[in-house]
Amino acid sequence: MSEKKIPLSEKMKLPWKNTPIAGVIFEPGSSAEYRTGDWRVAKKPVIDQKKCIKCWICWIFCPDVAIIRDEKGVTIDYAHCKGCAICAVECPVKAISMEND
Amino acid sequence: MFYKRREEYNEVIIPYQGEGITVRPQELAGMGGNEAVAYAAKQANVDVVAAYPITPQTIMVERFSEYVANGEVDTEFVCVESEHSAMSACVGASVTGARVMTSTASQGLALMHEVLYVASSLRCPIVMMVANRALSAPINIHGDHSDMMGSRDCGWIQIYVENPQEAYDWTLQALKIAEDPEISLPASVNLDGFTVSHAMEDLNLLSDGQVKEFLPPRKPVFKVEPENPNTVGAFAMPDYYYEVKRLQEEAMRKVPEVLVKVTKEYEKTSQRKYGIIETFDMDDAETAILSMGSTAGTVRSVVRQLREKGRKVGAVKLWLYRPFPSEELTSAICDLKALAVIDRAMSFGAPYGPLCSDVASILQDCESKPKIFNAMCGLGGRDISSDDIRIMFDEADQIARTGVVRDRIKFVGVRE
């Protein structure tokens, strides 16, 4: 039953006969594969790296864990960002702006 | 208990004319429908029962909890605070791979409604006895089909039984059909409230060994287990939901084939023959009555009386209501001149009651369409007498003669 080799994005294009029974997901931890960023309908957040002071307030506030924090600074995971704009509102230095997707 | 083993009956041979079938003596017991289902659940070694008592189903839960208390079964009996919780517990138990049964009626079934869909969509082969009872208001505890017809489209296999013997036999068969890996869908066994649920009759029982052989432990298609984690009941968006539902419908379409296979196997063990529909005197019949549940017995009795007077009448009984046996039914009714379809539930404002609507929708498959009319009767436990059935046959005969259906729905037995 489990088809571990096929990525979720491909699996969701399969015909109904190949759909897992009852829509059961046979691989654990697969929610990261699901692109909730596709639900974003209006604008996406864009970070001006020159203004960013790396305070991580956006990282704390993001309800979708779509702010990625690493040594380079702040980047946005557009595959999971739903475009709610909380980060843009909360940024104390206005480094995040909402732009057309 | 008084209905357990009656030694003097152990040597009784059940008469049966089947070919090449060994007739074994069977145990006889006096049981009502509720007790018959509880006894079948005991023999089937059900793993989990979560149920809440409601008239006219109470005795089933009561008897089964006695088996649990006496240590006659090792079933996990979950005491819940409502039917909604009962069905939720059943779904949870079923996805772990357990054999699960429950039972309810009327308002209880209505309270379960949303979870019924979860059970069928998550492909939980739960078997539920429904002691069919009228829905409020006015509050009424007696038999009609309003409750199950209200949950008609919930994706459950629906079987209607005529008497306690059928209730016992179909409970065992329903477990096997529901748990078939090709199907894996829940099934309801419907007993007319009081008429079947409480009527005490002589029952032929299989031995525990025969049941064990007929019904081996369930082999689930999938199950939740810590060693092999998976997600059951996940969210599905417009890009995925439809495919899951299409797959569910495919399982439903395979039911008749599996049902026939299971009934044949059961016949070899029990010497009792079941199937999708039952026909009576239909070979040369010009008019007939289609019914489900306990009414079918009254109809057959009237058919015998009318046949003696030379009238060409017949009777059809549905055992399987969902999936609807379109092919079997068209081959039985297409050559008739007129057919009365008995409904024991209203579908307010609809052209016909629920069963008659289904029958009307398959008539387009008939080359010569019989005229049909809907005989509404037996609501809220109103008696369905032989005279009522005769009125239906008279109406059908008149329609056959004149070709005119005066009323789509004839309300039989209501005070005019």
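Residues numbered from 1 in each chain as written. Chains lettered and ligands numbered in written order. Predicted model: local features only at pLDDT ≥ 70, side-chain atom pairs only at ≥ 80, totals over all residues.

**Brief notes about the overall build of chain B**
Move 1: From N to C terminus, chain B includes 13 helices and 15 strands.
Move 2: Over its C-alpha trace chain B gives a radius of gyration of 21 Å, about what one expects of a compact globule, namely 22 Å for 416 residues.
Move 3: Based on the C-alpha atoms only, the size of chain B along its principal axes is roughly 70 × 65 × 45 Å.
Move 4: Within chain B, the proportion of its 416 residues that are buried is 49%.
Move 5: Sequence separation of at least 24 residues holds for 79% of the intrachain contacts in chain B that already meet a minimum separation of 6. (Helix = DSSP H or I, 4+ residues; strand = E, 2+ residues; numbered from the N terminus. Rg over C-alpha atoms; globule rule 2.2 N^0.38 Å. Buried ≥ 20, exposed ≤ 12 C-beta atoms within 10 Å, placed from the backbone. Contact = placed C-beta atoms within 7 Å.)

**A closer look at the interface of chain A and chain B**
It is common to give the size of an interface as the accessible area that goes away when the parts come together.
Move 1: If you look at the interface, chain A gives 11 residues, while chain B gives 17 residues.
Move 2: When the residues that make up the side of chain A that touches chain B are grouped by side-chain class, the tally is nine nonpolar, two polar and no charged. (Nonpolar A, V, L, I, M, F, W, Y, C, P; charged D, E, K, R; others polar.)

**Let's talk about the domain arrangement of chain A**
Move 1: By the assigned domains, chain A splits into domain 1 (1-34) and domain 2 (36-100).
Move 2: Taking the mean C-alpha position of each, domain 1 of chain A and domain 2 of chain A sit 29 Å from one another. (Domains from an automatic or database assignment.)

**With respect to the pairing of strand 3 (residues 73-76) of chain A**
Residue and element names in this part refer to chain A.
Move 1: With four bridges joining them, strand 2 (residues 67-70) and strand 3 adopt antiparallel strand pairing. Note that in strand 3 the partner of Ile68 across the bridge is Thr75.
Move 2: Following strand 2, the chain reverses through two residues before pairing antiparallel with strand 3. (Pairing = 2+ DSSP bridges.)

**Re the packing of helix 3 (residues 83-94) of chain B against helix 4 (residues 106-121) of chain B**
Residue and element names in this part refer to chain B.
Move 1: Look at helix 3 against helix 4: their axes get within 7 Å of each other, and the N-to-C directions meet at 25°. Relative to helix 4, the element helix 3 lies roughly parallel. Considering only the axes of helix 3 and helix 4, their crossing is right-handed. From helix 3, Glu83, His84, Met87, Ser88, Cys90 and Val91 reach across to helix 4, where they touch Gly108, Leu111, Met112, Val115, Leu116, Val118 and Ala119.
Move 2: For the contact of helix 3 with helix 4, the per-class residue count stands at nine nonpolar, three polar and one charged. (Axes fitted to C-alpha atoms, helices over the stretch in contact; angles between N-to-C directions. Parallel < 35°, antiparallel > 145°, perpendicular 65-115°, else oblique. Left-handed = near helix turned anticlockwise from the far one by under 90°.)

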